[in-house]
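# Secondary and tertiary structure notes
If you want the building blocks of each chain, they are given just below.
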Amino acid sequence: MRSSEKNMTIEEMQKSHARGFYPGLHSSQVEKMVEQGLIGSFLHVLDYQEANYLQSLAQKSRLQIPLLIGIDAIHGNGLCQNVTIYPTPIGQASSFNPELVEEASCQTAYEVRATGAHWAFTPNVDIARDPRWGRVGETFGEDPVLVSRMGVATVKGLQGDMWNHPRDTFVLACVKHLVGGGQPVNGLNIAPLDVSERTLREIFFPPFQAAVDAGAFTLMMAHNETNGIPAHADQWLMEDVVRGEWGFEGFIVSDWMDIERLHNEHRTAETIEEAFVTSVNAGMDMHMHGPHFFEAIVEGVRSGRIPEKRVDQAVGKILESKFRLGLFEHPYVEPAVSDSILFHAEHRRTALELSRQSIVLLKNDGILPLDPSRYRNILVTGPNAHSHAQLGDWAASQPEGNTITVLDGLRKTAPQTNFVFHDVGWNIRKMDESRVKAATAAARGCDLAIVVVGEYSLREHWMDKTCGENTDRSDIHLPGLQQQLVEAVYASGTPTIVVLINGRPLGVQWIAENIPALIEAWEPGSFGGQAVAEILFGEVNPSGKLPLTIPRHVGQIQMTYNRKNTLSSFQYAFGESTPLYEFGYGLSYTDFAYSAPELSRQEIPAGDPVTVKFTVTNCGDRAGDQVVQCYLRDDYSSVTRLIKELKDFRRITLQPGESRLVEFTLNPDDMAFYDRSMNRIIEPGIFTVMIGSSSRDQDLQTVSFRVN
Ligand code: BGC
């Protein structure tokens, strides 16, 4: 591998997704450059030994400025070894539990520091509006309010109170990718975005602004262009919006080879040097990696094309972060500290709890929870039943024993039951037809079959994955022979349930129609298999809710709950027009009843808040969590509005028979929108408040107030 880095061409490097080799440059020369003070930052250093070594080289440089080391620790410090891996962000969002996400992020910060890094390239607050896109799993879904809450929780957990109390347990957060990568043309990563300023401001900007308000110190620009301007050259975005309107005070970093892309793909810069100058002048502070940047910037300043103060501003912020992180005092990681922090028992507990809360029960005709006395022999099969797929993108396979797969979890949770594993291999792209067919026979001898299917996102098998970064799809059916597998097992006549482990929504209509129980586990992390098993056997009552809409098939894209009214004026000529599962939806083993909502006032002057309250009761015989949701609609307005928008939510725990009074306050900003001249205003008229257990109309109760 080390020789290939030197022989790599510029083109090969630009196409390389995972490794930042520089053509003509060997890693041994990099060591020299650090000693010369020519490199100030690294990414993807995977253990503290290497980090300490690099820091020791930096200490030999003239100014002895410590290195800032970044890594994609987006659901735990997953690219490293022996670390805690939490559910991927789409699962975290399904928990609708920002406090727990904050706790997981705080623990992640400890594990990042323990491997010698100081900067996590997260939260990814892209709004996901196209399930073909491979990166949906690393987002918090489709809703601006939910994504904002989760993004803020991540920033708070990672950065803590670093700005007031610098400590070596916090890391820098990096809110990304500004903007709009989650709605790429044709679902393909990096593809352009053409969108109105209204949609940018209503849908895509709020989570970024919320993360900036919460103190996120770094921000990463998006690969894509928006309305003809590549993000990496967009002065309006970086200077006017981010720094001007939002008051961002940290530094902006480029994404992988994206400044170069201004020249070689967007073709807005005639040379790579020009691309560097343009991007820095537009507001870019740090180049993620790649050769020739340094020389181009020095030349740009010398020739007067880049004002020196622009460079001072960028460098000043990067230095500030190194001071705040305490790197000048403590550039090294103590080995004993590292070993005691990674995969800490408390972190493992949080990861398991977050998995439990992230799993969504989509269908249950009464077969769940499983009665162990009824099912003695259970077939377990499917590519994801006993594989590391559950760790998700931006994670590496972990040492033996650190991951509890669904098969492991079942054996642990129901030790009296005989689980028969029919192995069809982990590789979804290379499924063997004969093993798929043999599943019918395997199921025949059993009382129940659990089929675990979905997608595979681990980047260590870049050519074999079906999901994750740069693995986009032209349809959203189960890939490989998995549909055939489910149908083969079902054909045996043995009762069958399906568990999905996947990073993007899948249009599993046949399964939803034919299989009695369906669980969406997303990519639930190190202990995901245990959480799935506990839910199947009723030790845990499922409580996750969908953070996005699941369409039936690609023809329905773009399908989000927060749509305009005319989007459903007509129906498709064939097949159904409705989604398969709606945003906010998820079942429990108990039932919850909502009282009629009451408003604090029926009429308010514009600018006043209004409060809605109601009682939620657990009417079943098991304790359970309910995610109570509050939506709002402006009934008539001078520009068209969305049919409903989530404004607030709360996860509550209720014992059997217990009731809880829930109150939400709708603030003036919740009622405001951008008028024809893009002024943010509140218009007089009727507003409808909707409260309930999902975004589906049948799960909501409404009440209205008038703004005068
Ligand atoms: C991704 C970023 C990531 C970076 C560094 C890029 O390809 O778009 O999200 O932080 O790589 O790994």
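Residues numbered from 1 in each chain as written. Predicted model: local features only at pLDDT ≥ 70, side-chain atom pairs only at ≥ 80, totals over all residues. Heavy atoms only, no water.

## Details of the overall build of the protein
If you tally the helices and strands in the protein, you get 21 helices and 25 strands. The C-alpha radius of gyration of the protein comes to 26 Å, within 12% of the 27 Å expected for a compact globule of 708 residues. The principal-axis extents of the C-alpha atoms in the protein amount to approximately 75 × 65 × 50 Å. Counting the 708 residues in the protein, one finds 61% classified as buried. Considering only residue pairs separated by 6 or more positions, the protein has 76% of its internal contacts joining residues 24 or more positions apart. Working note: accessible area of the protein is about 26800 Å², and carbon and sulfur atoms make up 49% of it. Separation of charge centres in the protein, based on 62 positive and 88 negative side chains, amounts to 1 Å. (Helix = DSSP H or I, 4+ residues; strand = E, 2+ residues; numbered from the N terminus. Rg over C-alpha atoms; globule rule 2.2 N^0.38 Å. Buried < 20%, exposed > 50% of the residue type's maximum accessible area, 1.4 Å probe, protein only. Contact = heavy atoms within 4.5 Å. Areas by Shrake-Rupley, 256 points an atom, 1.4 Å probe, with all protein chains shown as cover. Lys, Arg positive; Asp, Glu negative; His and termini not counted. Charge placed at Lys NZ, Arg CZ, Asp CG, Glu CD.)

## Points about the site of the ligand
Taken together, 14 residues are adjacent to the ligand, and Asp72, Arg135, His177, Asp255 and Glu469 come closest. Contact distances for the ligand include 2.5 Å between an oxygen atom and a side-chain N or O atom of Asp72. One of the side-chain nitrogen or oxygen atoms of Lys176 is found 2.8 Å away from an oxygen atom of the ligand. Bound to the protein, the ligand loses 97% of the 310 Å² it would expose on its own. For the shell around the ligand, the per-class residue count stands at six nonpolar, three polar and five charged. (Near = heavy atom within 4 Å. Polar contact = N/O pair within 3.5 Å; in protein donor to acceptor, adjacent residues only side chain to side chain. Nonpolar A, V, L, I, M, F, W, Y, C, P; charged D, E, K, R; others polar.)

## Digging into the state of the cysteines
Applying the stated criterion across every chain yields a total of zero disulfides. Counting only cysteine sulfurs, Cys80 is the nearest neighbor of Cys106, a cysteine outside any disulfide, at a range of 18 Å. Residue Cys106 is classed as partly exposed on the basis of its relative accessible area of 28%. (Disulfide = S-S within 2.5 Å.)

## Observations regarding the packing of aromatic side chains
Using the criterion set out here, one finds 19 aromatic pairs in the structure. Centre to centre, the rings of Tyr490 and Trp510 are 5.3 Å apart; their planes meet at 85°, and the pair counts as edge-to-face. Taken together, the residues Tyr490 in helix 18 (residues 482-491) and Trp510 in helix 19 (residues 509-514) connect sequence positions 20 residues apart. Using a relative accessible area of 34% as the deciding quantity, one classes Tyr490 as partly exposed. Ring geometry for Tyr561 versus Phe583: centroids 4.4 Å apart, planes at 15°, classification stacked. Separated by 22 residues along the polypeptide, Tyr561 in the loop between helix 20 (528-536) and strand 15 (592-594) and Phe583 in the loop between helix 20 and strand 15 bring together distant segments of the chain. Since its relative accessible area comes to 7%, Tyr561 is described here as buried. These aromatic residues form a ring-pair network of at least three members: Phe96, Tyr561, Phe583, Tyr631 and Phe649. Residue placement shows Arg348 over the ring face of Phe343; its charged tip is 4.9 Å from the ring centre. Above the ring of Tyr674, the side-chain terminus of Arg680 is found at 5.0 Å from the ring centroid. (Phe/Tyr/Trp six-rings, centres within 6.5 Å; stacked < 30°, edge-to-face > 60°. Lys NZ or Arg CZ within 6 Å of the ring centre and 35° of its normal.)

## Some words on helix 18
Listing the buried residues of helix 18 in full gives Gln482, Gln483, Leu485, Val486, Ala488 and Val489. Where helix 18 is buried, its residues touch strand 10 (377-381), helix 17 (433-444), strand 12 (448-454), strand 13 (496-501) and helix 19. Two residues or fewer past helix 18, Gly493 is found with a positive phi of approximately 90°.

## Re the pattern of salt bridges
Tallying each qualifying case throughout the model produces 36 salt bridges. Glu433 is the salt-bridge partner of Lys437, the closest N and O atoms lying 4.0 Å from each other. Of this pair, Lys437 and Glu433 both sit in helix 17, separated by four residues, roughly a single helical turn. For Lys437, a relative accessible area of 58% puts it in the exposed group. (Salt bridge = Lys/Arg side-chain N within 4 Å of Asp/Glu carboxyl O.)

## What about the side chain of Thr115?
Counting through the fold element by element, Thr115 comes out in the loop between helix 6 (98-114) and strand 3 (119-120). Look at Thr115 and you get buried, because its relative accessible area is 2%. Of the polar contacts made by the side chain of Thr115, one reaches the backbone oxygen of Val112; its length is 2.9 Å. In this structure Thr115 touches Leu46, Asp47, Tyr48, Ala51, Asn77, Cys80 and Leu342, once residues within four positions along its chain are discounted.

## Considerations on the pairing of strand 18 (residues 610-618)
Taken together, the three bridges between strand 15 and strand 18 define a ladder with antiparallel strand orientation. Within strand 18, the residue paired with Ala593 across the bridge is Thr617. As paired elements, strand 16 (residues 598-599) and strand 18 share two bridges and run antiparallel to each other. Residue Glu598 lies in a different strand from strand 18, and its bridge partner there is Lys613. Two strands pair when backbone bridges link them, and strand 18 and strand 21 (residues 659-666) are joined in this way by eight bridges, in the antiparallel orientation. Bridge pairing in strand 21 places Val612 opposite Phe664. (Pairing = 2+ DSSP bridges.)

## A word on the side chain of Arg129
Here Arg129 lies in the loop between strand 3 and helix 7 (144-159). It turns out Arg129 is buried and unbridged, and the closest side chain with the opposite charge, Glu142, is 7.1 Å from it. Leave out the neighbours within four places in its chain, and Arg129 touches Gly182, Gln183, Thr199, Ile203, Phe204, Ile557, Gln558, Thr560 and Asn562.

## So, the sheet that holds strand 24 (residues 685-692)
What the five strands build is an open sheet, ordered 17-25-24-19-20; its pairing is mixed. Edge positions in the sheet fall to strand 17 (603-604) and strand 20 (645-654), since each has one partner strand and no second.

## Details of the environment of Arg650
Along the chain, Arg650 turns up in strand 20. When sequence neighbours within four positions are dropped, the list of residues in contact with Arg650 reads Gln626, Val627, Val628, Val662, Glu663 and Phe664. Polar side-chain contacts of Arg650 include one of 3.1 Å to the backbone oxygen of Glu663.

## Here we look at the layout of surface pockets
For the second largest pocket, the calculated volume is near 770 Å³. Listed by contribution, the elements that provide at least two residues to the lining of the second largest pocket are helix 7, helix 8 (197-213), strand 20, helix 21 (668-671) and strand 22 (673-674). Here the lining of the second largest pocket takes eight residues from helix 8, the largest share from any one element. (1 Å grid on protein atoms, 1.4 Å probe; cavity = no way out; pocket = protein on both sides within 12 Å on 5 of 7 lines; lining within 4 Å. Points joined across faces, edges and corners; volume = space filled by probe spheres on them.)

## Looking at unusual backbone geometry
The omega angle of the peptide bond from Thr122 to Pro123 is 10°, so this bond is cis rather than trans. Geometrically, the link from Lys176 to His177 is a cis peptide bond, its omega value of -10° lying close to zero. Positive phi, normally seen in glycine, also occurs at His44, with a value near 60°. Positive phi values are uncommon outside glycine, yet Trp522 reaches one of about 50°. Structurally, the position occupied by Trp522 is in the loop between strand 14 (517-520) and helix 20.

## What about the sheet that holds strand 14?
If you trace the six strands from one edge of the open sheet to the other, you get 9-14-13-12-10-11, paired in mixed fashion. Of all the strands in the sheet, the pair left with one neighbour each is strand 9 (360-364) and strand 11 (418-422). Taking the axes of each pair of neighbouring strands and ignoring which way they run, one obtains an average angle of 20° across the sheet. Strand contacts of helix 16 (residues 406-413): strand 10, strand 11, strand 12 and strand 13, with the helix running at about 170° to strand 11, the strand carrying the most contacts. Of the strands in this sheet, strand 10, strand 12 and strand 13 are in contact with helix 18, which crosses strand 12 at around 175°. (Axes fitted to C-alpha atoms, helices over the stretch in contact; angles between N-to-C directions.)

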